[in-house]
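Each chain, written out:
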Amino acid sequence: NMSAGRPFRGCACFFTDNIFVGRFGLHVRYRDGPQLRRDYGRALRERGCRSEEQLREVLREIEAEVQRRKQLIHQSVERRAIISKCYKPKHPEVYTLQDSFLAPEFLEIVRFCTSPGADLQGLLSHLESFSDKRIYRLPVFTEEFCQAFVDELENFEQSDMPKGRPNTMNNYGVLLNELGMDEPFLTPLRERLLPITALLYPELGGACLDSHKAFVVKYSLHEDLDLSSHYDNAEVTLNVSLGKEFTEGNLYFGDFSQDPAPVPRYIEVEHLGGRGLLHRGGQIHGALPIASGQRWNLIVWMRSSAIRNQLCPMCRRKPQLVEAEGFGDGFTGPLGEEEEPQTVDLCALG
């Protein structure tokens, strides 16, 4: 995948930063053991990591996660090849986005946003807004599509195909690029959303979200019940509830990660089937435990290379570019050895 002829890249911080220590609910940056003790010893003790053996176990877990991340690209390419060759979809039609999958209200919102004179105030009359945190809910998919998609995901989950987990915080779910859904489904969905995100999030590159990472997560009793507080490696996130039947499990939103308040204010937002929430990737959020049933969510992290090439949202530094597969983490490398031509930043226009 390329953006205007530039290959997509990752940032080297992926191998050192934002490593989640699940049992103590802490994200850490890791260089080596002494650094971890120095920087996080107190925070870990406060969360119950009090013995030397517990700390050694944490170090083992972190080292294993670093190694997993280093193998990730190679293993993902291998899994995708096996799935492409051996997996027989139950609902092959869901792999290619069709207008009939999209809620009529969603199509109406897109039509409004692409009409002459469309502005933010007009768009907001079509959306549900939550507090002042710039979180919006809108219909995305039909109920029929959601049922077929979840049925397909369950079919894949029950198959003997190799499966990669979405991230360190979700153990149950599916990486959609490994199912081959990036080009036929997710890229057109992201492009459909651009007129909406351009009006809602102009300063985050909402007009030029040129890549994504998409996955489905599953919450169910005896598996992943909830999701700890975090922010996304995205400029803008779309989170769609696909079903099935569940109770509780609201999302909660705190501060914007770059603008924390001394006393965070949290709001809860209920998930409704087929509807999506749009929010800034940097908005701190999580999911409360479900009380019964099972919930599947489609998560699309949408990224703008024009924005993140300036500053990596995960390490808050100029990105240190590394080779990547597919869309990588949404950064783009230089065009090549020649001097780069003058470019116009479309995100800065208008």
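- The protein chain has the name OGFD2 protein in an unreviewed UniProt entry, where Donacobius atricapilla is given as its organism.

Regarding the nonpolar core
Link 1 in the chain: Residues Phe-141, Leu-176, Leu-179, Ile-196 and Leu-242 are the most contacted members of the largest nonpolar core, which totals 54 residues.
Link 2 in the chain: When contributions to this core are tallied by element, the ones reaching two or more residues are helix 3 (104-113), strand 6 (135-139), helix 5 (143-158), helix 6 (182-200), strand 8 (211-220), strand 10 (236-243) and strand 16 (290-303).
Link 3 in the chain: If we skip the residues at most four places from it in the chain, Leu-176 touches Phe-149, Leu-153, Met-181, Asp-182, Leu-186, Ala-214, Phe-215, Val-216 and Leu-298.
Link 4 in the chain: One finds Cys-49, Leu-55, Val-58 and Leu-59 within the second-largest nonpolar core, a separate group that totals 16 residues.

As for the pairing of strand 14 (residues 275-280)
Link 1 in the chain: The buried fraction of strand 14 is high, at five of six residues.
Link 2 in the chain: Where strand 6 lies against strand 14, four bridges are found, and the strand directions are antiparallel. Within strand 14, the residue paired with Arg-137 across the bridge is Leu-277.
Link 3 in the chain: Strand direction decides the pairing type here: strand 10 and strand 14, joined by five bridges, are antiparallel. Looking at strand 14, one finds that Val-236 is bridged to Arg-280.

A word on the packing of helix 1 (residues 33-46) against helix 2 (residues 52-86)
Link 1 in the chain: Closest axis-to-axis distance for the helix 1/helix 2 pair is 12 Å, and the angle between their directions is 120°. Taken as axis vectors, helix 1 and helix 2 run oblique relative to one another. Helix 2 is crossed by helix 1, and the crossing has right-handed handedness. Side by side, helix 1 and helix 2 meet where Gly-33, Leu-36, Arg-37 and Leu-44 of the first sit next to Glu-52, Leu-55, Val-58, Leu-59 and Ile-62 of the second.
Link 2 in the chain: Among the residues making up the contact of helix 1 with helix 2, the classes are represented as six nonpolar, one polar and two charged.

What about the environment of Glu-325?
Link 1 in the chain: With respect to the helices and strands, Glu-325 occurs in the loop between strand 17 (321-322) and strand 18 (331-332).
Link 2 in the chain: Spatially, the C-alpha atom of Glu-325 lies 9.9 Å from that of Leu-72, the residues being 253 residues apart in sequence.
Link 3 in the chain: The residues touching Glu-325, leaving out its near neighbours within four places in the chain, are Ile-73, Val-77, Arg-80 and Asn-177.

Calculation rules
Residues numbered from 1 in each chain as written. Predicted model: local features only at pLDDT ≥ 70, side-chain atom pairs only at ≥ 80, totals over all residues. Heavy atoms only, no water. Core = buried A, V, L, I, M, F, W, Y, C linked by side-chain atoms within 4.5 Å. Buried < 20%, exposed > 50% of the residue type's maximum accessible area, 1.4 Å probe, protein only. Helix = DSSP H or I, 4+ residues; strand = E, 2+ residues; numbered from the N terminus. Contact = heavy atoms within 4.5 Å. Pairing = 2+ DSSP bridges. Axes fitted to C-alpha atoms, helices over the stretch in contact; angles between N-to-C directions. Parallel < 35°, antiparallel > 145°, perpendicular 65-115°, else oblique. Left-handed = near helix turned anticlockwise from the far one by under 90°. Nonpolar A, V, L, I, M, F, W, Y, C, P; charged D, E, K, R; others polar.

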